[in-house]
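As a plain string of letters, each chain reads:
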Amino acid sequence: MHRILALNHDDLVTFFVLDEGRDKYDYTDRTDSILLRSFSTDSRYARKGFALQALKELPAFVQEKFPHIKTIILGVNQENTKAIQLYKKGGFYDTGRKYSGRKGWQLIFELPIYQYYSTN
């Protein structure tokens, strides 16, 4: 697991984990994927664009630090409409698959890095 801190100047605004471990196989069978988990933004910085900026910069970060990764995956609770909207704005798409997690049904979202870079 790789813990990632997103800073604005010296202030921690967003935190997440990129997980290359076995848990990703609950969401995909792709060996060239990485699981985005524990994505959270400090409430003092919510709705100021920091979370979206972190998501938009994520493909370039992953490509640089993890060149073997081709897809970022995540699970988001199907009731968390604000997070679903954020992930879609950040370029993720709903795969149409679900995973029954500890906190209910998780929609499985993906962001193919190779597709992202071939269109930009």
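Structure: above.
Residues numbered from 1 in each chain as written. Predicted model: local features only at pLDDT ≥ 70, side-chain atom pairs only at ≥ 80, totals over all residues. Heavy atoms only, no water.

1. Side note on the overall build of the chain
Point 1. A tally of regular secondary structure across the chain gives 3 helices and 6 strands.
Point 2. Its C-alpha atoms give the chain a radius of gyration of 14 Å, within 12% of the compact-globule value 14 Å for 120 residues.
Point 3. Along the longest, intermediate and shortest principal axes, the C-alpha atoms of the chain span 40 × 30 × 25 Å.
Point 4. Split into buried and exposed, the 120 residues of the chain put 37% on the buried side.
Point 5. For the chain, the proportion of contacts with a sequence separation of at least 24, taken over those separated by at least 6, is 55%.
Point 6. With an accessible surface of roughly 7400 Å², the chain has 48% of that area assigned to carbon and sulfur atoms.
Point 7. Each charge class in the chain can be summarised by its mean position, and for the 18 positive and 14 negative side chains these summaries are 4 Å apart. (Helix = DSSP H or I, 4+ residues; strand = E, 2+ residues; numbered from the N terminus. Rg over C-alpha atoms; globule rule 2.2 N^0.38 Å. Buried < 20%, exposed > 50% of the residue type's maximum accessible area, 1.4 Å probe, protein only. Contact = heavy atoms within 4.5 Å. Areas by Shrake-Rupley, 256 points an atom, 1.4 Å probe, with all protein chains shown as cover. Lys, Arg positive; Asp, Glu negative; His and termini not counted. Charge placed at Lys NZ, Arg CZ, Asp CG, Glu CD.)

2. Comments concerning helix H2 (residues 81-89)
Point 1. Every buried residue belonging to H2 is among Ala-83, Ile-84 and Tyr-87, and all of these are buried. Within H2, the buried residues cover an arc of 100° as seen down the axis, which keeps them to one side. Seen from the buried face of H2, the exposed residues on the opposite side, beyond 90 degrees, are Lys-82, Gln-85 and Lys-89.
Point 2. Residues of H2 that are buried sit in contact with strand E3 (33-41), helix H1 (50-65), strand E4 (71-77) and strand E6 (104-112).
Point 3. With its phi angle positive at about 105°, Gly-91 sits one or two positions after the end of H2. (Arc of directions from axis to C-beta.)

3. Quick notes on the environment of Tyr-93
Point 1. Note that Tyr-93 resides in strand E5 (residues 93-101).
Point 2. Distance from Tyr-93 to Val-62, taken between C-alpha atoms, is 17 Å for residues 31 residues apart in sequence.
Point 3. Apart from the residues within four sequence positions on either side, Tyr-93 is in contact with Ile-108, Phe-109, Glu-110 and Pro-112.

4. Focus on the layout of surface pockets
Point 1. Here the largest pocket defines a volume of roughly 1100 Å³.
Point 2. Contributing to the lining of the largest pocket are 34 residues, with Phe-39, Val-76, Asn-80, Ala-83 and Tyr-87 lying nearest its centre.
Point 3. Counting only elements with at least two residues in the lining of the largest pocket, the list comes to E3, H1, E4, H2 and E5.
Point 4. By residue class, the composition of the lining of the largest pocket is 15 nonpolar, 10 polar and 9 charged.
Point 5. Of the volumes computed, that of the second largest pocket is approximately 260 Å³. (1 Å grid on protein atoms, 1.4 Å probe; cavity = no way out; pocket = protein on both sides within 12 Å on 5 of 7 lines; lining within 4 Å. Points joined across faces, edges and corners; volume = space filled by probe spheres on them. Nonpolar A, V, L, I, M, F, W, Y, C, P; charged D, E, K, R; others polar.)

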